Structure formats: C-alpha cells, structure tokens
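# Observations on the three-dimensional arrangement
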Amino acid sequence: MVNVSEAVAARLRDSGVERVYGVPGLAVDPLAGALCGGQRAPEFVQARGAESAALMACAEAKLTGRPGCCLAPPGADLLRLLAGLYDAAADRVPVLALVGADPRDGGRGVRHLAEVSVYCEEVSGPELMADALHRAVRAARTDRGVASLVVARGVLAAPAPSQAPGAWPEPPPAPPPAEADVRRAADALDGARNPVVVVGDAGRPASGPVTAVAQLLGAGVVTTALARDVLPDDLPYLAGVAGPFGSEAAAALLRDCDTLLLAGAEDLDPAVLPGPGRCRIVTVDPEPDDCPLDSRVPAVRVTGDVTAALTALVPLLHRAADRGRRDRVEQTVRAWRAEGETRAHRYFGTSVNPRSVVAELSRRLPDRAVVVTDSGTALDWWTRHLRLRGGMRSLLSGHLGLPGAAVPYAVAARFAAPDRPVIALVGDGALQGGGMNELITVRRHLDRLAGLPPLVFCVLNNGDLNRLTWQRRAAAGDPLIPLSAEVPALPYAEWARLAGLPAVRCDRPRHVASVWADVFAGRGPLLLEFVVDGETPPDWAAGVSAEGPRPAPLRRPRSLAGLRRASG
C-alpha cells in the first residue's frame, strides 16, 4: 500500500518538481526514502547543509522557472534552512520547503517559517496532506515566494488515503493593462529628451518590446542585477547593471535622465534613481504591489502583463526626431567598455589582475553558458567585465547578496541544466564561508558529472574579504588601510585534488587566457584557482586610488520588509 511519502513524491513530480535538495534526519526519513526509491519520484540530492539545500532549490527555480524544492528535519537544520529560504523570499522565487515536525518545539518551527513564507501550514493528519501540498504549490507559484509545510514523521509514514489527485493549478496570467493607462504612459514618454529604460526580472519575457521601445525613444537601457541576462551585451545602448555597486555607464544615464521607464523592475534598488522631481517616471508591473517605488512618488503606473503593456505602447510612441541622444548614449557605453578593457590589461607586481580573469573568461564563454557569481568583488568583476551573448544565463543571490551562495547555485545549475556549461565566480572568503562544503557534493556525483560540459568553480584568491576592505577604505578615504578582513591562506587547488576533484592553479598574468582556453577544451567539474591582486579597486572604490573620482555614498540593500506571510 502506498504511504503518504510515496504519494507526496509522485505529486511533486506531477507538479514539475524534478529534484528535491535536502539533508537527512529521522523526522523526514520516510520522505527521503520515497524520493530515493520511486520511479515516479523526483531525484533526491543530498546537500552538505540545509542552507545549501535551500539555495540549490532557489537557484533551480531561478534557472528553470519551475518551483524549487528543499527538505530538512526540524531543530537546528530548520534554522540553517532559513538563510537560504530568505534568499528565495527576497528575490521572489517559488520554492517549496518540506520540514519535519518536532512536537517538543511548541510551534516555534512554524513561526520561524511563517516569517519567510507566503504560505505556511502544519499538516496534522495524513488525510490533510494532499490538499495542503496542493495549496502550498499554488501559493509558491502564484505569489512567487516560499511555501512551507511542516509534517510529522507519523504523517509521512502513514498509509495514504485513497483519493483522486486534482489537477495542479496554473499561475493566473497577469491581467491585461488598461488602455487608458497605456495611453498616459505614451504621453509621458513622448517628447523625452533623455529617456532611460530599466528592465527588471519581471520584465524578462518582454525583451523584444523593450528593445522596440528603446529604439523608438532613442533611449539607453540598463538592467537590474537579477535581469543581467535578459538582453545581450552586444547591444550598443545597453549600459549594464543599475545598482549601488553597478555600472558607471548606467549610473551616468540615470543621473542625467529626464524620463524613466521601469519595465518589470520590482527588483530595482530605488536608491539608484534620481531624486524626487528630477524626472518623469513610468512604471509597468504585473501587480500593483510589484512597483519598486513608494506609492507617494509621482509616476504613471501601468499594471498588467509587462509584455502586453509594452507591445501596446509601441504603436502609440513617436520616433524621436533627435537621434543625437542615441549617439550620446552609445558613446557613453563605448567609453565605459573601452575603459574596462584598459583596466583589465593593467598589472602591478606579479599577481593576476582579477579584472583580466573575467575579461578573458568573457571572450571564451561557450554558447548557452550559465555564469554564477558570488557577492564580494567577484560580483564587481561580473558586473564590469562579463559580456553575455543571447541564450546565456546568469545567476546570483540578488537582494541578500548571500556570501557563499555561488557554489550551491552552480551545483543546482549543473543538475537542472546538464547540457549547459556552468561557471561560478567565487571569492576565497565566500568559498571558505560555506562553498567548500558543497564541492564534496560535486565529488559525490563525479562519475555522473565527468562527461558533461564544463562545471568550473573559479576561485579568486586574494587572501582578503576584499569587498569589505574596499568599503572600509572608501568610507575612510585612506588607501593605506591594511588588509582589514584577512582570509586564512589555503591552497584551494590542492584541497580540491585532495577531495578527488580536478584542479588548476594560475598565478602568472600571461597564462590567464591559455588557462581558460584549456578549461573549456575539457569536460566535467574543475576547480580553477587564480592568485589575484587584492589591491585592484572596483570601479565604485576608484576614489581611493589613482583611477578615478570618489564614489557616491554606499547604501543599504533593499530590506525584506513587505513580505507577505500566511500561516495555517
């Protein structure tokens, strides 16, 4: 007779969940067993820690658009799971969290999960499990967030009630935009002298209409970090990522714009926008709550399907008569890219310039590559020097900027997209902060992964928490502050080889290009360690070196305030 765990495993597969990332424990062993043994069950991938399991589920959801799923026992593992779930909640990614129940915790586990979830329910009996799972999957997909179920071992091991499973709900489509709102948006955009289009993650399906609008307006285009891969970087008017640590070209366009179109830009940090009254703003968002602006900020707001709204907007716009502004935009972008090339070829002493690592990677990226970045200065080089072509993807922990997320993200990307090359850019501090553990997961599956396209963990070894060092230097205005967050020295390539993984170490600037060429000539997992110069400043910290002006004041990332919560 089928038990509840076996029925849950089959239903998860029917809902589009292809694998469950988790850690074992007595309270969830019935479900883990069902996942490992059933033909109709999703694959179970055991992570080294619960936080990594949640991050893997988040990454799979970001890459595939299907719900990610993670599993953890109660107690300490639940608390560790929360960090990864907050990453999914902050970036509004559908993730289903299945957690064992502990009758001794007095409901604390449910309360913790409710804080990060759009839906949270404790399932008290086997007859309630099917409906609870149905509601949780629907909430994760519809509200784009974490849905949590807390289930006791006794429920998971009980015989499954005989009931016909219902059809899985499809997320409701975004409503069509109101025609009057679209016309008001066209009126606001027509006649703009310096328009800029910002594309966010919710605008991902609307890449075609975005380029059409930008062409008509003669506008520059910037993206949010999560939407880094929505448009190819060879567009001459694409100025990179908008953010406190983003592109100088994007910052210049936003600083000078008089009209701003935010297309699905719910993930935009409002701190990068011009001050109140500096420009006209038009927002296009699937739901009213998705707008990144405070409701008190004057704006023309269009609510509805982003693709439909922009498509309806195109025939209402008049082609800009002054094409000189497009020339100025493209000149700004060319100058920014040329300066990046110059900086990538500078060397001081014998260490590798970290900019050159990403610049040379960018020149050799295979088609359809997935590039993952961690927080820290790895993110700065990813923002500045990586150039993605059409069909490539990028992944990162967006709003939280969670250190150590890149390795779990890359592992999940390999399982979710076995036909794509996957490259993770990781700082040595982030690797020591948790990423090294999941390299053991890679080693566990090495036989399976060895014949697949490259899975490269590129470690930037500078012996320092380099982003923190440059933040402190920028705040103090003193370039002579010594290393402020030293990372213990570790030979990462040797460590990887000891763990049974192929590895390469490069500490010679002239070898960077040839090393990348050799890496992409091979297959399977590889740890690639570059010994890089920690005294190379990011663009935003150029004011504490001889490379440029002082940066704008650093701002806090967007908070998690406003997460919708429900408990049952």
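These numbers come from a predicted model, not from an experiment.

## Quick word on the packing of helix H1 (residues 4-14) against helix H6 (residues 129-143)
- The N-to-C vectors of H1 and H6 enclose an angle of 30°; their axes lie 11 Å apart at closest approach. Put simply, H1 runs roughly parallel to H6. Along this stretch, H1 crosses H6, giving a crossing that reads as right-handed. From H1, Val-4, Val-8, Arg-11 and Leu-12 reach across to H6, where they touch Met-129, Leu-133 and His-134.
- Class assignment of the residues belonging to the contact of H1 with H6 gives a composition of five nonpolar, one polar and one charged.

## Notes on the pairing of strand E4 (residues 95-100)
- Of all six residues in E4, six are buried, a share of seventy percent or more.
- Of the two faces of E4, both are covered, the one formed by Val-95, Ala-97 and Val-99 as well as the one formed by Leu-96, Leu-98 and Gly-100.
- In this structure, strand E3 (residues 68-72) lies alongside E4, joined through five bridges in parallel fashion. Counted as the bridge partner of Leu-71 is Leu-98 from E4.
- Crossover handedness for the path E3 to helix H4 (residues 76-90) to E4: right-handed.

## Notes on unusual backbone geometry
- At Arg-144, a position not held by glycine, the phi torsion is positive, near 50°.
- Checked against the element boundaries, Arg-144 lands in the loop between H6 and strand E6 (146-151).
- Of note in this structure, Arg-368 is not a glycine but carries a positive phi near 65°.
- Within the secondary structure, Arg-368 sits in the loop between helix H13 (354-364) and strand E13 (370-373).

The rules behind each value
- Throughout, residues of each chain are indexed from 1 in the direction in which the sequence is written.
- Selection of residues for local features in this predicted model requires a pLDDT of at least 70, selection of side-chain atom pairs for listing and counting requires 80 or more, and totals for whole chains, interfaces and linings are taken over all residues.
- Side-chain measures were taken over the full set of non-hydrogen atoms in the model, leaving aside hydrogen atoms and water.
- Each axis is a line fitted through C-alpha atoms, and for a helix only the stretch in contact is used; angles between axes span 0 to 180 degrees, taken between their N-to-C directions.
- Strands here are runs of E lasting at least two residues and helices are runs of H or I lasting at least four, both read from the DSSP assignment and numbered beginning at the N terminus.
- Roughly parallel means an angle under 35 degrees; roughly antiparallel means over 145; roughly perpendicular covers 65 to 115; every other angle is labelled oblique.
- Left-handed describes a crossing whose near helix is turned anticlockwise from the far helix by less than a right angle; the clockwise case is right-handed.
- Should any heavy atoms of two residues lie within 4.5 Å, those residues are considered in contact.
- For this classification, Asp, Glu, Lys and Arg are treated as charged, while Ala, Val, Leu, Ile, Met, Phe, Trp, Tyr, Cys and Pro are nonpolar and the rest, including Gly, are polar.
- Accessibility here uses a 1.4 Å probe with only protein chains present; expressed as a share of the type maximum, an area under 20% marks a residue as buried, one over 50% as exposed, and anything in between as partly exposed.
- Criterion used throughout: strands pair if DSSP finds at least two bridges between them.
- Throughout, right-handed denotes a crossover for which the path from the first strand over the helix to the second runs clockwise when the strands point away from the viewer.

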